[in-house]
Amino acid sequence: MDFKSSKEDEEFRLEVRQFIQDNWDPKGFLGHEMAVRSWDFDNPLSRENDKEFTKKLVDQGWYTMSWPKEYGGGDYPLSKQFVYTEELAYAGAPGGSPASNITGAIMMHGSDEAKKTFLPKMAAGDIEWAQGFSEPNAGTDLASLQTRAVEDGDDYVVTGQKIWSSAAQLGDWYHVLVRTDPDAPKHRGITYLMMNLKDEAGERPEGLTLRPLYDMMGRWRWCEVFMDEVRVPKKYVLGEVNRGWYAAMTTLNFERTGTEGPVRHIGILDRFLDMLKTTKFNGESLLEDPLVKHKIADLRIRLEADRMLAVRVAWMQAQGEVPQSEGAISGLANQITAKLHFWPLLAKILQDYGILNVGEERAPHNGLYGGYNAISLSQGFGGGGGILLGPSIIAQRGLGLPR
Ligand SMILES: Cc1cc2nc3c(=O)[nH]c(=O)nc-3n(C[C@H](O)[C@H](O)[C@H](O)COP(=O)(O)OP(=O)(O)OC[C@H]3O[C@@H](n4cnc5c(N)ncnc54)[C@H](O)[C@@H]3O)c2cc1C
């Protein structure tokens, strides 16, 4: 394979870079430094700032560059999409396209009406989705989910509990898996629904209650979602009744791709080094320390290796191949780097300052390193038990080992 982008893609890279320079100002918010939602994710000013930038990407015609033309997208070649997401990630800017996981599921499994209802608003950056898959007893083993939906006229009536729904308190719509046939084998009695989380006045539908779940830094990051006979019109079924599992796998496959992770790390490391070059800690420059220099060089080499694994995935996709074990290797390498190497090393180099959290007066870069070192522990659990799934895919599909 060729690890270099074409001349045309590199020209596009420079165009995107210039656009970001002209239009993206993080305004001091700890924007999108990690793949999971950031420290400031619920700050209305930060959200407004993100939205303004998203609208500029919409006006530029880039926000739906990955979408097929039939849905009003740009149908850009995958190699260009790769360059675009890398540049946004390097700059720590908001993601440059509508949530790919549910978008892909709607395009592939949605009815014409669902496509007409949701896709234009998503293309304009006007809908936020939350995901209701996990339950207290259905995480890695997702197909054990118990939330029930019963037919009643034109509606399904949903009763049950979801957990770990990221930022559902801020969402407009909820894509949720429910059991519609309790007697069928567990993968075959599941239906995929789209549930309204609030009406235009911001009121929750009857029977729907959201309770906060806090992360170890005290942030309301997830929700427990309780549904007590919540009515969902049948027109909001995604895919076929009782075959929701297959549509949900489309969602998870889109969720697991993400080739920009290594470049996001490289951007953060570059800004970290800029800080070290101009700052003295306890009267000394940390860059004078040979151990720090070697550790950083070692980390940078790891990030380059991670990036090459990501480039391989993007290159295979651009050739029309499906990078199954290659995608799993790339994703796993990035998760391992994040939680075992990247964040721990940056925090350790800063010594006592590396444990200071957001809002602490003396915290470098407003506590980015302390905060994200703590929360990076959650990397690898999202996306349907990625930490287990990655090695299973590599073993079975990559190495041909038995199940
Ligand atoms: C940052 C973050 C965001 C999330 N956002 C969402 C969201 O928006 N919507 C949503 O629905 N869910 C979300 N989740 C939940 C996520 O999908 C689940 O955490 C995941 O599926 C794992 O399930 P669990 O937490 O119940 O762990 P469990 O399945 O209970 O696993 C617990 C431990 O046991 C291990 N384990 C499990 N089964 C086996 C096995 N067969 N063999 C060996 N070891 C095993 C696991 O590796 C893990 O270490 C999010 C999670 C995180 C961390």
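Residues numbered from 1 in each chain as written. Predicted model: local features only at pLDDT ≥ 70, side-chain atom pairs only at ≥ 80, totals over all residues.

Caption draft 1: Representation of the overall build of the chain in the model. From N to C terminus, the chain includes 11 helices and 8 strands. The C-alpha extent of the chain, read off along each of the three principal axes, is 70 × 50 × 45 Å. By the burial criterion, 40% of the 403 residues in the chain qualify as buried. (Helix = DSSP H or I, 4+ residues; strand = E, 2+ residues; numbered from the N terminus. Buried ≥ 20, exposed ≤ 12 C-beta atoms within 10 Å, placed from the backbone.)

Caption draft 2: Structural view of the packing of helix 9 (residues 324–349) against helix 10 (residues 368–375). For the pair helix 9 and helix 10, the least separation of the axes is 9 Å and the interaxial angle reads 145°. Two packed elements cross with a definite hand, and for helix 9 against helix 10 that hand is left-handed. Across the interface between the two elements, W343, P344, L346 and A347 from helix 9 touch Y369, G370, Y372 and N373 from helix 10. Residue classes in the contact of helix 9 with helix 10 are distributed as 6 nonpolar, 2 polar and no charged. (Axes fitted to C-alpha atoms, helices over the stretch in contact; angles between N-to-C directions. Left-handed = near helix turned anticlockwise from the far one by under 90°. Contact = placed C-beta atoms within 7 Å. Nonpolar A, V, L, I, M, F, W, Y, C, P; charged D, E, K, R; others polar.)

Caption draft 3: Molecular detail of helix 10. Where burial is concerned, most of helix 10 is hidden: 7 out of the 8 residues are buried. Taken residue by residue, helix 10 has L368, Y369, G370, G371, Y372, N373 and I375 as its buried positions. Tucked into the core, helix 10 has its buried residues touching helix 9.

Caption draft 4: Quick peek at helix 3 (residues 78–91). For helix 3, which comprises 14 residues, the first-to-last C-alpha distance of 20 Å matches the rise-based estimate of 20 Å (1.5 Å per residue) to within 8%. With 12 of 14 residues buried, helix 3 is to be regarded as a mostly interior element. For helix 3, the set of buried residues is K80, Q81, F82, V83, Y84, T85, E86, E87, L88, A89, Y90 and A91. Against the buried residues of helix 3 lie helix 1 (7–23), helix 7 (261–278) and helix 8 (290–318). (Expected span 1.5 Å × (residues − 1).)

By themselves, these figures tell us nothing about what the structure is for.
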